[in-house]
Each structure stands twice: as structure tokens, then as C-alpha cells.
Amino acid sequence: QVQLVESGGGLVQAGGSLRLSCAASGRFFNAFGMGWFRQAPGKEREFVAAVNWSGSNTLYADSVKGRFTISRDNAKNTVYLQMNSLKPEDTAVYFCAAGESPNASITQASCASWGQGTQVTVSS
């Protein structure tokens, strides 16, 4: 399994930006698609964005399309989530996860490795 550690969360005002990072350990990081999920208080965890093994293909939830950008640097074993134009409804714990295939079609059920999460709070 891949070990994942997220960072970059924090408190930001609405309209602001944050960049989350997810550092992975393990030799086969670049063999897997990677995803970001989030869980708001009292809600189920939901898909945010995913990227395939090379970074050439990305997928986004409708709620973040045009505001968030997922990317990866395989040389650094790191995946990023750039979040712009943040809204209070983006407040959640954000989790990084590794898929079980090279593509970006990631679901929660298909992710074998998860990070511990990083809190993002957007104030109005």
C-alpha cells in the first residue's frame, strides 16, 4: 500500500485560495490514479477530483469545476489540489486517496490507501 500524508489545510476567507498537498511513500506512486475527497460535518464523504497516473487526465465534481485544479508531480511523489474562489460550503476535511488502477476513474470503494485528512475552513 501507499502511505499518504496531506498538508496545506487551514482557515481562509470566502474568495480566497489554498493549495493542498499529499505526499506519498512507496515505489509505485506513479502507477496509480490519485483522488481528493472531502467530508463536511454531518455529511457523507464525497468525491472532489482525480488525476490519472501521468497527470494527463483529470476529473472533477461539478461543485468544484472551474475553481479547483488537481495535479501531480511524480518526481516528488506528490499530488496537489489548488483551490481558488473558495466558498463556505467547501468547508470540510479533505482526504487524499490512491486508486487501484492508473486511470482517473476513482471511487471511494476503489481506493485502497487514504491519508488522515486535512481541515479546510472557509469563513463567510
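Our subject is the structure that appears above.
Note that this is a predicted model, so its numbers are computed, not measured.

Colleague: How should I be thinking about the sheet that holds strand E3 (residues 18-25) in this particular structure?
Modeller: Strand-to-strand pairing in sheets goes through backbone hydrogen bonds, with the strands running parallel or antiparallel. Spatially, four strands are ordered E1-E3-E8-E7 in an open sheet, and the strand pairing comes out antiparallel. Two strands close off the open sheet at either side, each with one partner strand: strand E1 (3-7) and strand E7 (68-73). Within this sheet the neighbouring strands show an average axis-to-axis angle of 15 degrees, counted without direction. In this sheet, strand E8 (residues 78-83) lies alongside E3 in antiparallel orientation, the contact comprising six bridges. When the bridges of E8 are listed, Leu20 appears paired with Leu81.

Colleague: Whenever I open this one, the state of the cysteines confuses me. Can you help?
Modeller: One way to say it: the disulfide is the covalent bond shared by the sulfur atoms of two cysteines. The final tally for this structure, using the stated rule, is one disulfide. Between the sulfur atoms of Cys22 and its disulfide mate Cys96 the distance is 2.1 Å. A torsion of -80 degrees about the S-S bond marks the disulfide between Cys22 and Cys96 as left-handed. Residue Cys22 is located in strand E3, and its partner Cys96 is located in strand E9 (residues 92-98); the two are separated by 74 residues in the primary sequence. You can call Cys22 buried: its relative accessible area is 0%. Of the residues examined, Cys96 reaches a relative accessible area of 0% and is grouped as buried. Cys96 supplies the cysteine sulfur nearest to Cys111, a cysteine that is in no disulfide, at a spacing of 8.9 Å.

So, how was this worked out
Residues numbered from 1 in each chain as written. Predicted model: local features only at pLDDT ≥ 70, side-chain atom pairs only at ≥ 80, totals over all residues. Heavy atoms only, no water. Pairing = 2+ DSSP bridges. Helix = DSSP H or I, 4+ residues; strand = E, 2+ residues; numbered from the N terminus. Axes fitted to C-alpha atoms, helices over the stretch in contact; angles between N-to-C directions. Disulfide = S-S within 2.5 Å. Buried < 20%, exposed > 50% of the residue type's maximum accessible area, 1.4 Å probe, protein only.

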